[in-house]
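Commentary on secondary and tertiary structure
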Amino acid sequence: MNGFEMTSILTNISAMAALHTLRGINSGMGETQAQVASGLRIQAADDNAAYWSISTTMRSDNKAISAVADALGFSSAKLDVTSSGLENIVDLLSEYKARIVAAMEPGVDRSKVQKELDQLYGQMESVVESASFNGVNWLKSAQPDNLWAVSDFKSEMVASFARSANGSVDIKTIDLDLAGISALNTGGGGILQKDIRSLGTIGGFRPTDFTTYSHQGHQDHGFTGPATFGAADEVRFDITVDEGVFSGGVKQTIVIDRTLIDAALGTADGKINTVDQMRSVLEKAFVDNGVPATAFSYIGISLGENRFEIASLETSGHHGSSIIIDNVTSTFTGNYALGLESTSHVIDHDNMYPSWKFGFDGPFQVHNLAEFSFELSMGGALSTTVTVDRTIVDAALGTSDGIVSSAADLAAILTRAGQGRGLVANATANMIELTADQTMYPDAGTKAPTLTVTNVRDNIGWVVDFDLKDVNIVNPQANLDHYLDGLEDMLKKATTAAATLGSLQMRVDMQSNFARTLMDTIDKGVGRLVDADMNEASTRLKAQQSQQQLAVQALSIANSNADNVLQLFR
């Protein structure tokens, strides 16, 4: 049987081969027909799982970006309406200002001008009411609190949709501070309303401007002599020098007797006749006993009596600067000691530190963005600027409203602001004392640093203090210059708000254009991944149709072989 193919009536191998070929052609042609019909090369995950996943995700992102583009269009519309309203308000405020200027002319009937002002303000209210898009009005707010006291009053506008490398998505927004846009607010603080940020006198602190220092500790006594000391007479007392919070001081017992007196005065009668002689005796006693103190004498002009003073030399090596006289005894009748025994001192200054006092003149509030500052110098060093803002106020008082109600509040605030700089403040009743921080500067008296506080100011300056609706130029006490200043402030705020909206409008337009461009780019990228090449697909389909016809003919021929075999049995 070599050289001959076996023919079987049970198995038609040729027909089976032809049928297999036909099936393969039909399958390929089905895929090609689907691509031609849908225009897609990859329609399902089993076509190409990776490309199908990418294209599905990107189509989903494109829908999100489309929603962002719609939101940007909505934001753009709101910005347009608000901008138009603000521009109209700027024009009306300019007209309003012109009427105020006209009212300054002598002989002008202010009542008629006032009517025009009322109409102009009414038109501004109408503009504010009308500047609404789909129920959103950024020129009229309903905040119950004054806008200058509101910490967060913003409107978010959707800006973009982004997908990170790890697959997470994020919606970016553009924030608009409505506190600077609102023209009229229920609780006040709008462009056409007064500004409550003024700090006024800062509770009485604003006029503060001083340089102060302290002097050595001393004690003042009235001389009650003359006195004559016999051989057995003496005055004995204890003197403690430079005792203080941070030091124990030096203590010594002093004895004044006839020997000391005659040695100090160069006499032989034991007499102390004048206050100056008393000073000389004390000086001699201090030197002989190594006491770091000195004595002064003077005629008290205002007091009308002789005085002597004992003061620290501040050479003890201790931080303190003080004089304490105690345990005074005398051999004279009634414990007479020439005035040393007196516990009622006209002057008794111990451990002095530089200080300055001022009176608290009333509550005030430190609003958001408001602050006050001053220049501080300790010990003649270069001055530094100390700034107090809302954060420091609330931290010092444990509050959240920035309100300073009392002298104790202001003292606590100044102490916190001066922390680490050597300044502390203490309140007694309605008075506040500024002084050096003794933990940083323990030396008292002339060893203590000088304290200088100057240039107390705030960052707000003058602000408008009236609502536009309350302007009344008919009132004889009306200050038209004051009104003009306020109008300038309102115009400045309105112009700034309009400029802010203009810049945001530009950004929104740019973002909107980018979103549309991005959508087109994503569509193009997805198309490159999954779209079918129609030229290629149609050409391939034509070829597959021809192959199908040939395969059908081959199958027909293979089937005809069986008919030939049957002919042999007829």
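Described in the following lines is the structure provided in the data block. Bear in mind the structure is a predicted one, so any value in this text is a computation, not a measurement. (Residues numbered from 1 in each chain as written. Predicted model: local features only at pLDDT ≥ 70, side-chain atom pairs only at ≥ 80, totals over all residues. Heavy atoms only, no water.)

With that settled, consider the overall build of the protein. A tally of helices and strands in the protein yields nine helices and 22 strands. Expressed as a percentage of the 570 residues in the protein, the buried residues total 40%. For the protein, restricting intrachain contacts to residue pairs at least 6 apart in sequence, the fraction spanning at least 24 positions comes to 69%. As displayed, the protein has an accessible area near 29,500 Å², and 52% of this comes from carbon and sulfur atoms. (Helix = DSSP H or I, 4+ residues; strand = E, 2+ residues; numbered from the N terminus. Buried < 20%, exposed > 50% of the residue type's maximum accessible area, 1.4 Å probe, protein only. Contact = heavy atoms within 4.5 Å. Areas by Shrake-Rupley, 256 points an atom, 1.4 Å probe, with all protein chains shown as cover.)

Our focus in this paragraph is helix α6 (residues 390–397). Those residues of α6 lying buried are R390, V393 and D394. Burial along α6 is one-sided: seen end-on, the buried residues are contained in an arc of 90 degrees. Its side-chain oxygen placed 3.2 Å from the backbone nitrogen of T391, D389 serves as the N-cap of α6. G398 occupies a position one or two residues after α6 and carries a positive phi of about 70 degrees. (Arc of directions from axis to C-beta. Polar contact = N/O pair within 3.5 Å; in protein donor to acceptor, adjacent residues only side chain to side chain.)

The N-to-C vectors of helix α4 (residues 258–265) and helix α5 (residues 275–288) enclose an angle of 105 degrees; their axes lie 9 Å apart at closest approach. Judged by the inter-axis angle, α4 sits roughly perpendicular to α5. Contact residues: L260, I261, A263, A264 and L265 in α4; Q277, S280, V281, K284, A285 and D288 in α5. When grouped by side-chain class, the residues that make up the contact of α4 with α5 number seven nonpolar, two polar and two charged. (Axes fitted to C-alpha atoms, helices over the stretch in contact; angles between N-to-C directions. Parallel < 35°, antiparallel > 145°, perpendicular 65-115°, else oblique. Nonpolar A, V, L, I, M, F, W, Y, C, P; charged D, E, K, R; others polar.)

Viewed as axis vectors pointing N to C, α6 and helix α7 (residues 407–417) meet at an angle of 115 degrees, and their least axial separation amounts to 9 Å. Classified by the interaxial angle, the pair formed by α6 and α7 is roughly perpendicular. At the point where α6 passes α7, the crossing takes the right-handed sense. Along its contact with α6, which presents I392, V393, A395, A396 and L397, the element α7 presents D409, A412, I413 and R416. Tallied by class, residues from the contact of α6 with α7 come to seven nonpolar, no polar and two charged. (Left-handed = near helix turned anticlockwise from the far one by under 90°.)

Once that is clear, we can look at the packing of aromatic side chains. One pass over the full model with this rule turns up eight aromatic pairs. Between F210 and W356, the ring centres sit 4.7 Å apart and the planes meet at 5 degrees, which makes this aromatic pair stacked. You can see F210 sitting in strand β5 (residues 210–212) and its partner W356 sitting in strand β15 (residues 355–359), a full 146 residues away along the chain. Residue class for F210 comes out buried when judged on its relative accessible area of 4%. The exposure class assigned to W356 is partly exposed, which follows from its relative accessible area of 35%. Centroid distance F364 to F372: 6.5 Å. Interplanar angle 70 degrees. Geometry classified as edge-to-face. Members of the aromatic cluster, connected to one another through ring pairs, are F205, F358, F364, F372 and F374. Lying across the ring of W148, R197 places its NZ or CZ 3.8 Å from the centre. (Phe/Tyr/Trp six-rings, centres within 6.5 Å; stacked < 30°, edge-to-face > 60°. Lys NZ or Arg CZ within 6 Å of the ring centre and 35° of its normal.)

Turning next to the nonpolar core. Counting residues in hydrophobic clusters, the biggest one holds 51 residues, and the most contacted among them are L93, Y96, I100, L192, L468 and I473. Mapped by element, the contributors of at least two residues to this core are α2 (49–103), α3 (110–130), β3 (169–177) and α8 (480–530). The contacts of Y96, once residues within four sequence positions are left out, are L117, L120, Y121, M124, L468, V471 and L487. With 33 residues, the next largest nonpolar core counts V366, L376, L414 and L423 among its residues. (Core = buried A, V, L, I, M, F, W, Y, C linked by side-chain atoms within 4.5 Å.)

On to the sheet that holds β5, then. With respect to topology, four strands assemble into an open sheet ordered β5-β22-β17-β18, the strand pairing being antiparallel. The sheet terminates laterally at β5 and β18 (384–389), the two strands that pair on one side only. Along the sheet, successive strands turn relative to each other by an average axial angle of 20 degrees, direction set aside. Note that strand β17 (residues 371–378) and β18 share six bridges and pair antiparallel. (Pairing = 2+ DSSP bridges.)

Next up on the list: a negative patch on the surface. A cluster of acidic side chains, namely D152, E156, D175 and D177, defines a negative patch on the protein surface. Turning to its location among the elements, E156 is positioned in strand β2 (residues 154–163). Of the residues examined, E156 reaches a relative accessible area of 57% and is grouped as exposed. (Patch = residues over 30% accessible without salt bridge, like charges linked within 9 Å, V, L, I, M, F, W, Y side chains within 5 Å. Salt bridge = Lys/Arg side-chain N within 4 Å of Asp/Glu carboxyl O. Lys, Arg positive; Asp, Glu negative; His and termini not counted. Charge placed at Lys NZ, Arg CZ, Asp CG, Glu CD.)

Right, let's talk about the environment of D269 for a bit. Note that D269 resides in the loop between α4 and β10 (271–272). Between the C-alpha atoms of D269 and R258, which are eleven residues apart in sequence, the distance is 7.9 Å. Other than its neighbours up to four places away in sequence, D269 contacts T228, F229, R258 and D262. Within the structure, the side chain of D269 is placed 3.1 Å from the backbone nitrogen of K271, a separation counted as a polar contact.

If you trace the three strands from one edge of the open sheet to the other, you get β15-β21-β20, paired in antiparallel fashion. Both edges of this open sheet fall to β15 and β20 (423–428), since each of them pairs with a single strand only. Between one strand axis and the next, the sheet turns by 25 degrees as a mean value, whatever way the strands run. Of the strand pairs in this sheet, β20 and strand β21 (residues 431–436) are connected by six bridges, and their pairing is antiparallel. Paired with L423 across the strands is A436, a residue of β21. Helix-sheet contacts for α7 involve β15, β20 and β21, and the interaxial angle to β20 is about 170 degrees.

Omega for the peptide link from G225 to P226 comes to 10 degrees, which places this bond in the cis form. Mapped onto the fold, P226 is located in the loop between β6 (218–222) and β7 (227–228). For L369, which is not glycine, the phi torsion reads 75 degrees and is therefore positive. The exposed category is assigned to L369, whose relative accessible area is 68%.

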